[in-house]
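Structural overview for review
Each chain, written out:
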Amino acid sequence: MSENVSRIVSARVVDPGAIAAAAARRVKATSVLGAHGKAMIIAADHPARGANAVGGDPTAMADRFELLDRLCVALERPGVTGVLATADILEDLLLLGVLDGKSVFGSMNRAGLAGSVFEIDDRFTGYDAEAIAAMGFDGGKMLTRIALDDPATPAALSETARAVNELNDRQLIAMIEPFLSGWQDGRIRNDLSTDAVVKSVTIASGLGRRTAYTWLKLPVVEDMERVLASSTLPALLLGGEVKDPEAAFGSWGKALQQPTAQGLVVGRSLLYPAGGDVAGAVDKAVSLL
């Protein structure tokens, strides 16, 4: 990776226009879905929110060189259809030339820093719809925490709705990742009960003046049949940090049988699997599709 890093840094210093040029010549994906009929998207937008921890290592994702190396391994695996990240990471991947034929999603709101007192006030500090369209990407993702006890929630919902509108106007996918959240001991906790996830889905599904291009990114919880029956919007299943890989893979596979489930968006559990075998973890996830 050292040679690749040198290439990236050299381009950023000497020829910043190389990023736009790489985006312009990138071979775009013909579909968000792969030959297996589902999406397999690798997520890597965690560092921009200060969420660098994996397992017991609080700074695992902070090593950008290693993260890029793992992303390159994952993106090369058969069946992987795309990537989700912030501009800094996607531009590195463009310069490395590894995004041909992949769907690309820009992460839009990252101001709700992990562990902050303003976490719900999740302003849009990443991509906007204009830049996503200009780069030739497929859509944008919005993390949308809905905290009924926090007065910043209406503004967060309004900002998400605005992004949904702007992406739908450009016929780009608006990927909403909703959670019903609340403050516990000074930290935001997401409620992963089935009822809470269903409620978050029904709220998120109604955001914006159009929803033709709106998709959902949802956690896998108990009774996913009921969760996925609460909206007709296409849904991608998120991985999160997995403590029991076998149980997680089993629950993902079962949820993928539901008609609205269109694939997986998984990050840390595939990029930093127990045992370190990125290719093996990605291949196993693809096999579920």
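For the structure, see preceding data.
Now for a description of the structure that goes with this document.

Definitions and cut-offs
- Residues numbered from 1 in each chain as written.
- Predicted model: local features only at pLDDT ≥ 70, side-chain atom pairs only at ≥ 80, totals over all residues.
- Heavy atoms only, no water.
- Salt bridge = Lys/Arg side-chain N within 4 Å of Asp/Glu carboxyl O.
- Helix = DSSP H or I, 4+ residues; strand = E, 2+ residues; numbered from the N terminus.
- Buried < 20%, exposed > 50% of the residue type's maximum accessible area, 1.4 Å probe, protein only.
- Contact = heavy atoms within 4.5 Å.
- Phe/Tyr/Trp six-rings, centres within 6.5 Å; stacked < 30°, edge-to-face > 60°.
- Right-handed = clockwise from strand over helix to strand, strands pointing away.
- Axes fitted to C-alpha atoms, helices over the stretch in contact; angles between N-to-C directions.
- Parallel < 35°, antiparallel > 145°, perpendicular 65-115°, else oblique.
- Left-handed = near helix turned anticlockwise from the far one by under 90°.
- Nonpolar A, V, L, I, M, F, W, Y, C, P; charged D, E, K, R; others polar.
- Pairing = 2+ DSSP bridges.
- Arc of directions from axis to C-beta.
- 1 Å grid on protein atoms, 1.4 Å probe; cavity = no way out; pocket = protein on both sides within 12 Å on 5 of 7 lines; lining within 4 Å.
- Points joined across faces, edges and corners; volume = space filled by probe spheres on them.

For the coordinates displayed, the defined rule picks out 20 salt bridges. With a shortest N-O distance of 2.6 Å, Arg 210 and Asp 169 are connected by a salt bridge. A residue pair is termed long-range when its members are at least 10 positions apart, and Arg 210 in the loop between α7 (194-205) and β7 (214-219) and Asp 169 in helix α6 (residues 153-169) qualify at 41 residues. Its relative accessible area of 36% is what places Asp 169 among the partly exposed residues. The partner of Asp 223 in a salt bridge is Arg 226, and the shortest N-O contact between them spans 3.3 Å. Take Asp 223: its relative accessible area is 38%, and that puts it in the partly exposed class. It is possible to trace a salt-bridge network through shared partners that takes in Asp 45, Arg 110, Lys 141, Glu 177 and Lys 217.

Bringing the environment of Val 164 into the picture now. By the element assignment, Val 164 lies in helix α6. We classify Val 164 as buried; its relative accessible area is 0%. Separated by 47 residues in sequence, Val 164 and Thr 211 place their C-alpha atoms 7.6 Å apart. In contact with Val 164, other than residues within four places in its own chain, are Met 142, Ala 174, Ile 176, Leu 207, Gly 208, Arg 210 and Thr 214.

Counted according to the given criterion, the structure contains two aromatic pairs. Ring centres of Tyr 127 and Phe 137 lie 5.9 Å apart, and the angle between their planes is 80°; on these two criteria the pair is classed as edge-to-face. With Tyr 127 in the loop between β3 (103-107) and α5 (129-134) and Phe 137 in the loop between α5 and β4 (139-147), this residue pair connects regions lying ten residues apart in the sequence. Judged on exposure class, the residue Tyr 127 and its partner Phe 137 are both buried. Ring centres of Phe 249 and Trp 252 lie 5.1 Å apart, and the angle between their planes is 70°; this geometry places the pair in the edge-to-face category. Placement of both Phe 249 and Trp 252 in helix α9 (residues 245-255) is noted, with a separation of three residues, approximately one turn of the helix. Taken individually, Phe 249 and Trp 252 each receive the classification buried, so the pair is uniform in this respect.

Moving on, we come to the pairing of strand β1 (residues 39-43). Counting buried positions over the five residues of β1 gives five, a clear majority of the element. In β1, alternate side chains face the same way, and those of Ala 39, Ile 41 and Ala 43 on one face and Met 40 and Ile 42 on the other are all buried. The handedness of the β1 to strand β2 (residues 82-85) crossover, carried by helix α3 (residues 64-76), is right-handed.

Contact pair α3 / helix α11 (residues 278-287): the axes reach a minimum separation of 9 Å and the direction vectors enclose 40°. Here α3 is positioned oblique relative to α11, judged by the angle of their axes. For the pair α3 and α11, the crossing hand works out as right-handed. Contacts between α3 and α11 involve Arg 70, Val 73 and Ala 74 from the first element and Val 278, Ala 279 and Val 282 from the second. Taken together, the residues of the contact of α3 with α11 sort by class into five nonpolar, no polar and one charged.

This part is about the environment of Ala 21. Position of Ala 21 relative to the elements: it lies in helix α2 (residues 17-25). C-alpha of Ala 21 to C-alpha of Leu 94: the two residues are 73 residues apart in sequence and 9.2 Å apart in space.

Here we take up the side chain of Thr 194. Mapped onto the secondary structure, Thr 194 falls in helix α7. By relative accessible area, which is 12% here, Thr 194 ends up buried. Apart from residues no more than four positions distant in its own chain, Thr 194 is found in contact with Val 221, Glu 222, Asp 223, Arg 226 and Val 227.

Let's shift gears to the pairing of strand β8 (residues 235-238). Side-chain alternation along β8 places Ala 235 and Leu 237 on one buried face and Leu 236 and Leu 238 on a second face that is also buried. Two strands pair when backbone bridges link them, and β7 and β8 are joined in this way by four bridges, in the parallel orientation. What sits directly across from Pro 219, in β8, is Leu 238. Relative to strand β9 (residues 261-266), β8 runs parallel, the two sharing four bridges. Paired with Leu 238 across the bridge in β9 is Val 265.

The subject of this paragraph is α2. Because each turn of an α-helix spans 3.6 residues, side chains separated by three or four positions in sequence point in the same direction. Where α2 is concerned, the buried positions are Ala 18, Ile 19, Ala 22 and Ala 23. What you see down the axis of α2 is that its buried residues fit within an arc of 140°, all on one side. Opposite the buried face of α2, at more than 90 degrees from it, the exposed residues are Ala 24 and Arg 25.

This part is about empty space enclosed by the protein. The full count for this structure, using the stated rule, is one cavity of 30 Å³ or more. What lines the largest cavity is simply Asn 109, Ile 120, Asp 122, Phe 124, Leu 143, Thr 144, Arg 145, Ala 156 and Thr 160. Elements with a minimum of two residues in the lining of the largest cavity: β4 and α6. The biggest single contributor to the lining of the largest cavity is β4, with three residues. A class-by-class count of the residues in the lining of the largest cavity yields four nonpolar, three polar and two charged.

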